[in-house]
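Here is how the chains run, residue by residue.
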Amino acid sequence: MAKEYGHYDDAAREYVITDPCTPWPWINYLGTEDFFGLISNTAGGYSFCKDARFRRITRYRYNGVPMDAGGRYFYIKDGDTVWNPGWKPCKTPLDFYECRHGMNYTSIEGRKDGITAKVLFFVPLKTWAEVQKLTLTNTTDVVKKLKLFSFQEWCLWNASTDMENFQRNFSTGEVEIDGSVIYHKTEYKERRNHYAYYSVNVPVQGFDTDRESFLGLYNGFDAPQVVLEGKPRGSVAHGWSPIASHYLEIELKPGESRDLIFILGYVENAQDDKWESKGVINKRMARETMSRLDTPVKVDAEFRKLNEYWDNLLSIFNVESGDERMDRTVNIWNQYQCMITFCFSRSASFFESGIGRGMGFRDSNQDLIGFVHQIPERARERIIDIASTQFADGGCYHQYQPLTKRGNDGIGGGFNDDPMWLIFGVCGYLRETGDFSILDEPVPFDNVPGSEKSLFEHLTISFDHVINNLGPHGLPLIGRADWNDCLNLNCFSNDPDESFQTTENKTEGSKAESLMIAGLFVFSGRDYVELCRQLGKNAEADRAQRHIDDMIAAVEKYGWDGNWFLRAYDYYGRKVGSHENEEGQIFIESNGWCAMAGIGLKEGLCDKALDSVKERLDSEHGIVLNNPAFTRYYIEYGEISSYPAGYKENAGIFCHNNPWVMIGETVRGNGKAAMEYWRKICPAYIEDQTLHKVEPYVYSQMLAGKDAFRPGEGKNSWLTGTAAWNWYTNTQFILGIKPTYNGLEIDPCISPDMKEYKITRKFRGATYQIEIKNPNGSMRGIKSLIVEGKEITGNLIPLFAEGSKVHVTAILQ
Ligand code: BGC
Ligand code: NOJ
């Protein structure tokens, strides 16, 4: 039996970690809106408000030694023993350790020598503060006298310059101390209108705010000088590294328990309301927040509200499949991860520093299909934000900054798949909500006031961007790259100091075309056609359909390699992803997308392509991106060939794109294959936690592929389109509950051994209780559909009035 570090507690919707030495920090996210935190199973991590780069509240050291240093630490000094409830940083052996990661909260409990310390971390709804409720219990039969030190290290706001501009940083730090509250006000007196604070709801017996005084210059977090001495110094930071540490002397009678409430908060003041008196910051809002949260009763009520918020979010789609691993994935963790990608896109994780990338255009559109059923209003807002970064010619900024919502000039545009994702995202939104009013919203180009066109026109322009940029074979020109950021066919970089992502591209005169965009264009182009028909724009629908037909013809003529779809044509017009190539003969993206789009389904091309994927790309841990892996650098392919074989885009199992093949399998009706692929990469089914390494409750962007040193090892967990794609694939194409403009379509494509399952789905205000029966072990095809006791023809449940409860039974052939 492989070693286990924890287990699921489905009833509580928690993952329970029982060994602090996980193979990698296993983290969770706090916060639902604006105020966020990342927290590891040993209380490491950091907090920020709105923007992980520009409004970083606490400092974090990336890629440090040891790993995951810095966080929300409580030091308990009991006699000569110093320990932390989360084991780190002191690493004093505990008598008991448990970390429970739940829906936007984490609780960490440690026990040592008869003292139990349990900390609940969460961010109350609509609050710019993180609560840390520490409960100390004396389980012995003697009186215990403890010394408690809290600890947070402030970041000097800009997480990027905080790590590099020391000639300035070391002279800027400023704090204010007011009773039990430590305020961090660096740069507040000049251009900033915001400060942070760290408080506790009881009087303190001392404090420290200067890191060097607290730790001692030669000590780490594991041995703070002040804690070892058992005496705070009352240090006041002037420059250097400001911190916040409270000191409390606590006496606990036998059996006594005490709650202490620590608040890490953030405030923005109006420019003319910054000061209480000369040099003294205006603390009104901080005080308001603290007084809302100063008793356990108030905190518990806020915690219940957070739980109810999640009860509600998770009540929209629920499956009872008889397979607990599927149920916990669908009902809890996959939906949770989708909400996390909504909040963070690809910005802040233990693999993303929160500094580099803002929100991705394609990423955010794809993420949308994972959370639109939960928070449609916020999805609407997101769509408008994304579309506002499009250019008038249909091209798009590849990324934008969440704080400013402006396109990111550093990376610019030119990724020719981007425009089609807007159609993909918007249609996903419309099918879920039926809110066609969004199409009339005036949306600017590149955020320029006065340039507004309706969102619908943005969709038309997106569609046309592909047909205005066709290459010599009538296939879409790839531009800087398509979905695969690392297939850089126009880059030709020989300079290790330039980024593959941003360097000048030789698109002028390039013949580089993408079969992935071709598949995407057919798949999402059909969505555009359907939408036009829905709106009665039949001429536009006909026009678009002709372009789709032309694209299908071009793919069949120039995109077929005999046994699979080519991946691309390169700059010179040579085949990429062909049996004629030496390496990289077959790729997942084009085969997935062309199969999803059903190109050549009748002629058997889809079947052949999917069989080839099975034969050449499938492996024990999932489907690799390409094969054979590249073993040398191909200047004409770029970053893809920069990775060692088996990692990332070079033949890694890029979990994001495995679902494209799963959907492809459902297009040909092979539910068994679709589900097998789904289970392979689904974290709830992964047995070997030591090999998998990263969190067992969320998808990672990548598992090392079959050519790698340790196939199956996970990396880049949490922030990946994998979450939304697996959600979309599993719920809509495998379990087969598809939102459409006119109702819920029931079209499962499952493994024959799945004999029945039940789904509760809230849709446009009605609740559908759907029972699917598969008495004959088939994979696809509804034989009968009974809605509210009446058999109906076809497989579409019509829309019911808001508030209705609708009983549905679907029987497969
Ligand atoms: C990574 C990609 C990522 C890209 C853009 C590359 O180095 O391999 O997965 O999308 O950078 O940040
Ligand atoms: C990660 C990026 O966020 C995403 O946009 C891209 O498609 C994949 N990497 C593949 O390169």
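Up top is the structure.
A. Spotlight on the pairing of strand β5 (residues 45-49). Across the five residues that make up β5, a large majority, five, are buried. Burial along β5 is two-sided: the residues G45, S47 and C49 and Y46 and F48 are all buried. Note: strand β4 (residues 35-40) against β5, five bridges, orientation antiparallel. Directly across from G37, in β5, lies its bridge partner S47. From the end of β4 to the start of β5, which pair antiparallel, there are four residues, and A43 there has a positive phi angle of about 75 degrees.

B. Fine view of the side chain of D570. Structurally, D570 can be placed in the loop between β28 (568-569) and β29 (575-576). In this structure D570 comes out as buried when scored by relative accessible area, which is 1%. Residues within four places of D570 in sequence aside, it is in contact with L489, K511, A512, V576 and E636.

C. Region of the structure containing the site of ligand 1. Around ligand 1, the neighbouring residues are R357, D485, C486, Q501, E639, Y643, K648, E649 and Q701. Within the contact set of ligand 1, an oxygen atom lies 2.7 Å away from a side-chain nitrogen or oxygen of Y643. For ligand 1, whose accessible area on its own is 310 Å², the fraction buried by protein is 80%. Residues that form the shell around ligand 1 fall into these classes: two nonpolar, two polar and five charged.

D. Quick look at a nonpolar patch on the surface. Together, F166, F170 and W240 line one region of the surface with nonpolar side chains, adding up to about 310 Å² of accessible area. Relative to the elements of secondary structure, F166 occurs in helix α1 (residues 166-169). Looking at F166, the relative accessible area reads 36%, which means it is partly exposed.

E. Here's a closer look at the nonpolar core. Within the largest apolar cluster, 228 residues are counted, with the highest numbers of intra-cluster contacts made by Y197 and L260. A per-element tally of this core places helix α11 (residues 515-534) first, with 12 residues. Apart from residues lying up to four places away in sequence, L260 is in contact with Q132, K133, L134, L136, L148, V200, N201, V202, L248 and I250. If you look at the next biggest cluster of nonpolar residues, it comprises 14 residues, including F214, L215, V227 and Y247.

F. Fine view of the environment of G592. With respect to the helices and strands, G592 occurs in helix α13 (residues 588-596). Classification of G592 as buried rests on a relative accessible area of 0%. With 85 residues separating them along the chain, G592 and T507 place their C-alpha atoms 26 Å apart. Contact partners of G592, with chain neighbours within four places excluded, come to W660 and V661.

G. Expanded view of helix α4 (residues 284-292). Of all the residues in α4, the buried ones are A286, T289 and M290. Along α4, the residues classed as buried sweep out an arc of 100 degrees about the axis, all on the same side. Close packing links the buried residues of α4 with β12 (129-138), β15 (181-184), β16 (194-200) and β19 (257-268).

H. Molecular detail of the site of ligand 2. Within the structure, ligand 2 sits among R346, R357, R362, D363, W483, N484, D485, E649, F654 and Q701. For ligand 2, an oxygen atom lies 2.5 Å from a polar atom in the backbone of W483. Computed on the free molecule, ligand 2 has an accessible area of 300 Å², of which 96% lies beneath the protein chains in the complex. Here the residues of the shell around ligand 2 sort into two nonpolar, two polar and six charged.

I. Quick look at the sheet that holds strand β36 (residues 714-717). Taken in spatial order, the three strands make up an open sheet running β34-β35-β36, and their pairing is antiparallel. Here the strands that pair on one side only, and so sit at the sheet edges, are β34 (653-654) and β36. When β34 meets strand β35 (residues 700-703), the two strands line up antiparallel, connected through two bridges. In the strand pairing of β35, F654 is matched with M702.

Basis of the calculations
- Residues numbered from 1 in each chain as written.
- Chains lettered and ligands numbered in written order.
- Predicted model: local features only at pLDDT ≥ 70, side-chain atom pairs only at ≥ 80, totals over all residues.
- Heavy atoms only, no water.
- Buried < 20%, exposed > 50% of the residue type's maximum accessible area, 1.4 Å probe, protein only.
- Helix = DSSP H or I, 4+ residues; strand = E, 2+ residues; numbered from the N terminus.
- Pairing = 2+ DSSP bridges.
- Contact = heavy atoms within 4.5 Å.
- Near = heavy atom within 4 Å.
- Polar contact = N/O pair within 3.5 Å; in protein donor to acceptor, adjacent residues only side chain to side chain.
- Areas by Shrake-Rupley, 256 points an atom, 1.4 Å probe, with all protein chains shown as cover.
- Nonpolar A, V, L, I, M, F, W, Y, C, P; charged D, E, K, R; others polar.
- Patch = residues over 30% accessible without salt bridge, like charges linked within 9 Å, V, L, I, M, F, W, Y side chains within 5 Å.
- Salt bridge = Lys/Arg side-chain N within 4 Å of Asp/Glu carboxyl O.
- Core = buried A, V, L, I, M, F, W, Y, C linked by side-chain atoms within 4.5 Å.
- Arc of directions from axis to C-beta.

Read these as geometric descriptors, not functional statements.
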